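Summary of structural features
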Amino acid sequence: MDDMTKEAIRYLGYGKHAVDERTLALISDSFRNLEETAGRKSIYRIFDFNQTADDEFTIGTSAIQSSSLGRNLKGCRKVILFGATLGAGVDRLITRASVTDMAGAVVLQACAAALLEEYCDRCQTEIGMEMEKEGLHLRPRFSPGYGDFDIRFQAPLIQMLDCAKTIGLTMTDSYMMTPTKSVTAVIGASDTAEKCHIKGCEVCEKKDCIYRR
C-alpha cells in the first residue's frame, strides 16, 4: 500500500481499522480519475521576516498576530509564502460524483486531500533545496486556521502571492478558497536545521517541541 493510499485512508477516518476491498478499489479509481483531472499549480515568494514579539511579526507589509505561528517561526530570517491548488476540474469531478454516488464522492474528497498534501510536500522539498543554497533550512508549512493563526489571514497571503493571476486561486467573503482543493501557507527559513516533519505537527510525535502549534 503506497503512502498516498494510506493518507486517503487516514482522511476517511479508518484509524487502525481494516479497510475493505471495495473501499480500496474506490480509492484506486479515485486517484486515477484525479490524476486525469487535476491541474496542479503552485506559487511561492520569499520575504524578510521581522518578529517584534513572541506573537507579533511582520511579513511583507502585513502585520500578523499569532502565538502558535510565532513559535513555529522563532529564529527565522526569511519566510516563504506558498500557495497551491489542484484546479477547478477536481471540484467539478467531486460535484458530479456527489449527485450520483455519495460514497464515491466522500472517497474522492479524501483522495483529493491526500493528492494535494503530496503535491505540497513535493513543492516544499523543491523550495527547501533552493533555500539550502543560501544556507537556510525550512520549517514545516503553517496555514491560516491552524492553532491561533486566524483564517482571516488567508486574505493577505492570497493578495501577496497574487494567487488569482498566478494560479487561479481566489477566496470567498467567508475565507473559503476556490478551487476548494487548495492551500496557502507560511514556511519559515532559518540558519539552523530543525528535525521537523515536512507535513507539520499533526504527524509528528514530538509533543514537547517548542515549535509545536
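To keep things clear, this report deals only with the structure shown in the data block. No experiment lies behind these values; they were computed from the predicted model shown.

Considerations on the packing of aromatic side chains
The final tally for this structure, using the stated rule, is four aromatic pairs. Residues Phe 49 and Phe 57 carry aromatic rings whose centres are separated by 5.6 Å and whose planes lie at 50° to one another, so their mutual orientation is tilted. Of the two residues examined, Phe 49 and Phe 57, each falls in the buried class. For the pair Phe 142 and Tyr 146, a centre-to-centre distance of 6.1 Å together with 75° between the ring planes defines the contact as edge-to-face.

Digging into the sheet that holds strand S3 (residues 62-65)
With antiparallel pairing, the six strands of this open sheet are ordered in space as S3-S2-S1-S4-S8-S5. At either margin of the open sheet sits one strand with a lone partner, and together these are S3 and strand S5 (137-138). In this sheet, strand S8 (residues 182-190) lies alongside S5 in antiparallel orientation, the contact comprising two bridges. Pairing of Leu 138 across the sheet is with Ala 189, part of S8. Strand contacts of helix H5 (residues 102-132): strand S1 (41-53), strand S4 (76-85), S5 and S8, with the helix running at about 145° to S4, the strand carrying the most contacts.

Topic: the pattern of salt bridges
Taken as a whole and judged by the stated rule, the model has ten salt bridges. A salt bridge links Lys 74 to Asp 54; the nearest nitrogen and oxygen atoms lie 3.8 Å apart. One end of the pair, Lys 74, is in the loop between helix H3 (67-73) and S4; the other, Asp 54, is in the loop between S1 and strand S2 (56-59), and 20 residues separate them in sequence. Residue classification places Asp 54 among the exposed positions, given a relative accessible area of 57%. Residue Arg 77 pairs with Asp 191 through a salt bridge whose shortest N-O separation is 3.0 Å. Within this pair, whereas Arg 77 is found in strand S4, its partner Asp 191 is found in the segment after S8, the two being separated by 114 residues in sequence. With relative accessibility at 40%, the residue Arg 77 sits in the partly exposed group.

Thresholds, definitions, all that
- Residues numbered from 1 in each chain as written.
- Predicted model: local features only at pLDDT ≥ 70, side-chain atom pairs only at ≥ 80, totals over all residues.
- Heavy atoms only, no water.
- Phe/Tyr/Trp six-rings, centres within 6.5 Å; stacked < 30°, edge-to-face > 60°.
- Buried < 20%, exposed > 50% of the residue type's maximum accessible area, 1.4 Å probe, protein only.
- Pairing = 2+ DSSP bridges.
- Helix = DSSP H or I, 4+ residues; strand = E, 2+ residues; numbered from the N terminus.
- Contact = heavy atoms within 4.5 Å.
- Axes fitted to C-alpha atoms, helices over the stretch in contact; angles between N-to-C directions.
- Salt bridge = Lys/Arg side-chain N within 4 Å of Asp/Glu carboxyl O.

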